[in-house]
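What follows is each chain in one-letter form.
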Amino acid sequence: MIVNNVKLVLDDQVVQGSLEMQDGVIRSFADGPSRLPQALDGDGGWLLPGLIELHTDNLDKFFTPRPNVDWPAHSAMSSHDALMVANGITTVLDAVAIGDVRDGGHRLENLQKMIDAVIHSQRAGVNRAEHRLHLRCELPHESTLPLFEQLMDKPGVSLVSLMDHSPGQRQFASREKYREYYQGKYHLNDQQMSEYEAQQVALSARWAAPNREAIAAHCRARRISLASHDDATAAHVAESCALGSAIAEFPTTEAAARASHQQGLQVLMGAPNIVRGGSHSGNVAAHHLAALGVLDILSSDYYPASLLDAAFRLAADERNAYDLPQAVRMITRNPARALDLQDRGAIAEGLRADLVLARPHGEHVYVQNVWRQGRQVF
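Residues numbered from 1 in each chain as written. Predicted model: local features only at pLDDT ≥ 70, side-chain atom pairs only at ≥ 80, totals over all residues. Heavy atoms only, no water.

Going by the annotation in an unreviewed UniProt entry, the name recorded for the chain is Alpha-D-ribose 1-methylphosphonate 5-triphosphate diphosphatase, with Serratia ureilytica given as the source organism.

And the structure:
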């Protein structure tokens, strides 16, 4: 397969040229056109490495498309997979929540079904993208560690994140924001909200620290990449480094992001944060971290189309110094390296032919074609 007349987004430059893939890998590329008649004309579009998504809960939406609606697993997985590939994502870590009972329980009820769907569809070869697992561990619960220990050796577990959404710290340092969010979500009166808040504080005090240490130890023993979540202070970052974290997911403050970057953690922020122009929960804006040069990885989080969009927005934003190759590395090479996936994430000879052909239309960029391991999947 030869793709001709494209702007190749390489690791450190963009060149007009062509690329040949064979047997699932990139065989060669050149800064000139191919003369072979079977070449696909890319019509001047951008040819990028396949996008790598580390943290998406998009699968949840297909298993429970409406409240109290339980959708068949094979259909949910297929629809989710199709949406990932349509947005240029060729490697996706499906995030499943462990210990999070705040949503009324549907995530726990769907947990095993979602995990089985990811594993079985990947094993059967029916997925267009490559799907792996990201275990999101909500630490302040008695059930979190036992459940994690049941799942940690499942095929495809590639990332574990440690999170604590209890009030008064991290994402919810503002108790007012916490009450506003959960009172609105669960329709609690003031007394019910006070009782709920006190319960969450008590659970965090009892379970967060021991669960954090135990789960991190299991990850180190199994060489599973570990991510912190919502670090807000230098002390949080020091703790994350001591545990062996490779990624700092969604730091909530500039200080935490700077400290994470300085300590060698890959700072991950939400691509929707870039597209929307700021955090929906009032925390530090991703574009501000980009302007400081301390942003390393983007994740589509809850909106798959945001990943490619955000990279091109960053490259066009005069408030930071990221050019297009640097911005694209945030959604390709950098997440691959954070997981120690050395076979993908860049356009280079011998790497997997996971590729995206994207075309501009007005101010927007659209995915035209996608290949995974040399096979066209979109």
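Next comes the rest of the write-up.
What follows concerns the overall build of the chain. Along the chain, the regular secondary structure elements total 13 helices and 16 strands. Taken over the C-alpha trace, the chain has a radius of gyration of 21 Å; the compact-globule value for 378 residues is 21 Å, and the two agree within 12%. Each of the three principal axes of the chain carries a C-alpha extent, and together these read 75 × 45 × 40 Å. In the chain, which comprises 378 residues, the share counted as buried stands at 56%. (Helix = DSSP H or I, 4+ residues; strand = E, 2+ residues; numbered from the N terminus. Rg over C-alpha atoms; globule rule 2.2 N^0.38 Å. Buried < 20%, exposed > 50% of the residue type's maximum accessible area, 1.4 Å probe, protein only.)

Below, the discussion takes up the side chain of Ser300. Along the chain, Ser300 turns up in the loop between β13 (297–299) and α11 (306–316). Classification of Ser300 by relative accessible area gives buried; the value is 0%. Other than its neighbours up to four places away in sequence, Ser300 contacts Glu53, Thr56, Ala271, Pro272, Ser306 and Leu307. (Contact = heavy atoms within 4.5 Å.)

Moving on, we get to the packing of aromatic side chains. Under the defined criterion, the tally for this structure stands at one aromatic pair. Across from the ring centre of Trp207, 3.9 Å away, lies the NZ or CZ of Arg206, which sits over that ring. (Phe/Tyr/Trp six-rings, centres within 6.5 Å; stacked < 30°, edge-to-face > 60°. Lys NZ or Arg CZ within 6 Å of the ring centre and 35° of its normal.)

If you trace the eight strands from one edge of the open sheet to the other, you get β6-β7-β8-β9-β10-β11-β12-β13, paired in parallel fashion. Either end of the sheet is taken by a strand with one partner, and the two such strands are β6 (51–56) and β13. In this sheet, neighbouring strand axes are inclined to one another by 25 degrees on average, regardless of whether the strands run parallel or antiparallel. For strand β11 (residues 247–249) and strand β12 (residues 266–270), the ladder comprises three bridges, and the chain directions are parallel. Counted as the bridge partner of Ile247 is Gln266 from β12. Those strands touched by α11 are β6, β7 (89–98) and β13, and its axis lies near 140 degrees from that of β13. (Pairing = 2+ DSSP bridges. Axes fitted to C-alpha atoms, helices over the stretch in contact; angles between N-to-C directions.)

To continue, consider the domain arrangement of the chain. Taken as a whole, the chain is organised into domain 1 (1–48 + 343–377) and domain 2 (50–341). Relative to domain 2, the C-alpha centre of domain 1 lies at a distance of 30 Å. Contacts between the two partners involve 23 residues from domain 1, matched on the other side by 25 residues from domain 2. Contact between domain 1 and domain 2 buries roughly 2000 Å² in total, counting both sides, with carbon and sulfur atoms accounting for 60%. (Domains from an automatic or database assignment. Buried area = accessible area lost by both parts, 1.4 Å probe.)

The next point concerns the pattern of salt bridges. Across all of its chains, the model carries 15 salt bridges by this definition. Here Arg352 ties to Asp354 by a salt bridge, and the two come within 3.0 Å at their closest N and O atoms. The two residues Arg352 and Asp354 agree in class, both being buried. Among the charged side chains, a network of salt bridges with common partners joins Glu130, Arg132, Asp343, Arg344, Arg352 and Asp354. (Salt bridge = Lys/Arg side-chain N within 4 Å of Asp/Glu carboxyl O.)

Let's shift gears to unusual backbone geometry. With a phi angle near 55 degrees, Asp23 is a residue other than glycine that sits in the positive phi range. Assessed through its relative accessible area of 74%, Asp23 is described here as exposed. Located in the positive-phi region is Asp43, a residue other than glycine, with phi close to 55 degrees. The topology assignment puts Asp43 in the loop between β4 (40–41) and β5 (46–49).

Approximately 410 Å³ is the volume found for the second largest pocket. Contributing to the lining of the second largest pocket are 18 residues, with Asp309, Glu363, His364, Val365 and Tyr366 lying nearest its centre. For the lining of the second largest pocket, the element with the most residues is α11, which contributes six residues. Here the residues of the lining of the second largest pocket sort into 12 nonpolar, three polar and three charged. Residue-level mapping places the lining of the second largest pocket at the junction of two domains, with at least three residues from each of domain 1 (1–48 + 343–377) and domain 2 (50–341). (1 Å grid on protein atoms, 1.4 Å probe; cavity = no way out; pocket = protein on both sides within 12 Å on 5 of 7 lines; lining within 4 Å. Points joined across faces, edges and corners; volume = space filled by probe spheres on them. Nonpolar A, V, L, I, M, F, W, Y, C, P; charged D, E, K, R; others polar.)

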